Amino acid sequence: MNLALTVLEITAPVFLLGAAGFGWVRLGYDYPTEFVTRLAMTLAVPCLIFTALVQADIDAGAVLSLGAATALAYGIAALLVLGLLKLTGFHLRGFWAPLTFGNTGNLGLPPALFAFGDQGLGLAVVVFAIMAIAMFTFGLWMVAGAANPFRVLKEPILWASVIGVLAMTLDWNPPEIAMNALGLMGQLGIPLMLLTLGAAVARLKPANALPALGLSLAKLAIGLMAALAAAWALGLRDLPLAILILQMVTPVGVTSYLLSERYKCEPEAVAGLVVISTLLAIATLPVTLSFLLG
């Protein structure tokens, strides 16, 4: 009973904020998704990443181990998804990236914070940062057939992650006035991401619900298998393992839909994946947290 209440306390704020964004759009109010997303990804989330890494009591070795396991897990997931698509005949460019990369920001960071505190958030941002970097390099190549690896150098998330890890490794604490300002900006990150997720889902028009459900379940299984395989290969345990599992089983992200729309790679089908997998997360996220906290 106590575990069930704990899981409810963790997941309820996540889905309530998402529902608020969904309801806002459905009621006809304006929600400038492009502006809010840019604000979040350019200012709020980088500040969140930096302050989480600096303030969290995390051993630098654990961060490096988790980073290596994350990279390996995504490599395994990409290969498994490639095999699945080859066997089933689904469009490779349309589905490879969405089924490989998850929504580790909107639906990864909040549960990590609520379930495991600042230390869990600090580890979760490591996974999120690696996913974001991979998404805008290899993910773009998967969708567009070409990618500029130097584009990622323009992403504030990369530099926030690098500077945050360096500060943690060197045990450097920025001036308190700077940390207070960065912390205030970073606190915007999680609410903005959840509201934007709800708003984006409200605007999507899903198609082919049954195949989307099957692929969403497959993504969940592949993410779990990839996380466990990478953890076993590199000896990852305890909290870093829990965070890796939590992040690898997140649903398809809205970013995948935006890329598919931009490059005309099955946008309606990917929209269905985003909606169905996000709705599926309402059931699977509490189960995952029950397992990880049990």
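Reading the values: rules and limits
- Residues numbered from 1 in each chain as written.
- Predicted model: local features only at pLDDT ≥ 70, side-chain atom pairs only at ≥ 80, totals over all residues.
- Heavy atoms only, no water.
- Core = buried A, V, L, I, M, F, W, Y, C linked by side-chain atoms within 4.5 Å.
- Buried < 20%, exposed > 50% of the residue type's maximum accessible area, 1.4 Å probe, protein only.
- Contact = heavy atoms within 4.5 Å.
- Salt bridge = Lys/Arg side-chain N within 4 Å of Asp/Glu carboxyl O.
- Helix = DSSP H or I, 4+ residues; strand = E, 2+ residues; numbered from the N terminus.
- pLDDT = per-residue confidence, 0-100.
- Phe/Tyr/Trp six-rings, centres within 6.5 Å; stacked < 30°, edge-to-face > 60°.
- Expected span 1.5 Å × (residues − 1).
- Patch = residues over 30% accessible without salt bridge, like charges linked within 9 Å, V, L, I, M, F, W, Y side chains within 5 Å.
- Areas by Shrake-Rupley, 256 points an atom, 1.4 Å probe, with all protein chains shown as cover.
- Axes fitted to C-alpha atoms, helices over the stretch in contact; angles between N-to-C directions.
- Parallel < 35°, antiparallel > 145°, perpendicular 65-115°, else oblique.
- Nonpolar A, V, L, I, M, F, W, Y, C, P; charged D, E, K, R; others polar.

J.: Which residues make up the nonpolar core, and what values do they have?
T.: Core analysis: the biggest nonpolar cluster contains 97 residues, and Ile49, Phe101, Leu109, Phe116, Ile243, Leu244 and Met248 have the highest contact counts within it. Those residues within four positions of leucine 244 in sequence are excluded, and the remaining contacts are Leu66, Ala69, Thr70, Ala73, Ala227 and Leu236.

J.: I'd like a description of the pattern of salt bridges, backed by residues and values.
T.: In the structure shown here, the tally under the stated rule is one salt bridge. A salt bridge links glutamate 34 to arginine 38, with the shortest nitrogen-to-oxygen separation between them at 3.1 Å. Of this pair, glutamate 34 and arginine 38 both sit in helix α2 (residues 33-55), four residues apart, which is roughly one turn of the helix. Here the two residues glutamate 34 and arginine 38 agree in accessibility, since each one is exposed.

J.: Would you mind going over the confidence of the model for the chain in detail, with residue names and values included?
T.: For the chain, mean pLDDT is 87; residues scoring 70 or higher make up 97% of the total. Across the chain, helix α10 (residues 238-248) holds the top mean pLDDT of 95, while helix α11 (residues 254-262) sits lowest at 78.

J.: Hey, could you go over the packing of aromatic side chains for me, with residue numbers and the actual values?
T.: For the coordinates displayed, the defined rule picks out four aromatic pairs. Consider the rings of phenylalanine 90 and phenylalanine 95, whose centres lie 5.4 Å apart with planes at 70°: the pair is edge-to-face. A residue is classified by how much of its surface remains accessible, and phenylalanine 90, at 31% relative accessible area, is partly exposed. Since its relative accessible area comes to 5%, phenylalanine 95 is described here as buried.

J.: Give me the environment of asparagine 2: which residues, what numbers.
T.: Tracing the backbone shows asparagine 2 in helix α1 (residues 2-26). Sequence spacing of asparagine 2 and isoleucine 190 is 188 residues, and the spatial spacing of their C-alpha atoms is 26 Å.

J.: Tell me about helix α6 (residues 156-169), and name the residues and values.
T.: The end-to-end C-alpha distance of α6, which contains 14 residues, comes to 20 Å, matching closely the 20 Å that a straight helix rising 1.5 Å per residue would cover. Residues Ile157, Leu158, Ala160, Ser161, Gly164, Ala167 and Met168 constitute the buried set of α6. Those residues of α6 that are buried are in contact with α2, α3 (60-88) and α5 (109-144). Positive backbone phi, at 55°, marks aspartate 171, one or two positions downstream of α6.

J.: Describe in detail the environment of proline 110, supporting the description with residues and values.
T.: Residue placement: proline 110 occurs in helix α5. The exposure class assigned to proline 110 is buried, which follows from its relative accessible area of 0%. For proline 110, the residues in contact, after removing those within four places along its chain, are Val14, Gly105, Ile190 and Leu194.

J.: Run through the side chain of threonine 11, naming residues and quoting values.
T.: Along the chain, the position of threonine 11 falls in helix α1. Take threonine 11: its relative accessible area is 5%, and that puts it in the buried class. If we skip the residues at most four places from it in the chain, threonine 11 touches Leu285, Pro286 and Leu289.

J.: Can you lay out a nonpolar patch on the surface for me, pointing to particular residues and giving the numbers?
T.: On the surface, Leu153, Trp159, Val162, Ile163, Leu166, Leu170 and Trp172 cluster together into a nonpolar patch covering about 710 Å² of accessible area. The residue leucine 153 is located in the loop between α5 and α6 in this model. For leucine 153, a relative accessible area of 42% gives the class partly exposed.

J.: For the packing of α5 against helix α8 (residues 189-203), give the residues involved together with the corresponding values.
T.: Packing of α5 against α8 brings their axes to within 10 Å, and their N-to-C directions diverge by 130°. Accordingly, the angle class assigned to the pair α5 and α8 is oblique. Contacts between α5 and α8 involve Leu109, Pro110 and Leu113 from the former and Ile190, Met193 and Leu194 from the latter. Of the residues belonging to the contact of α5 with α8, the class tally is six nonpolar, no polar and no charged.

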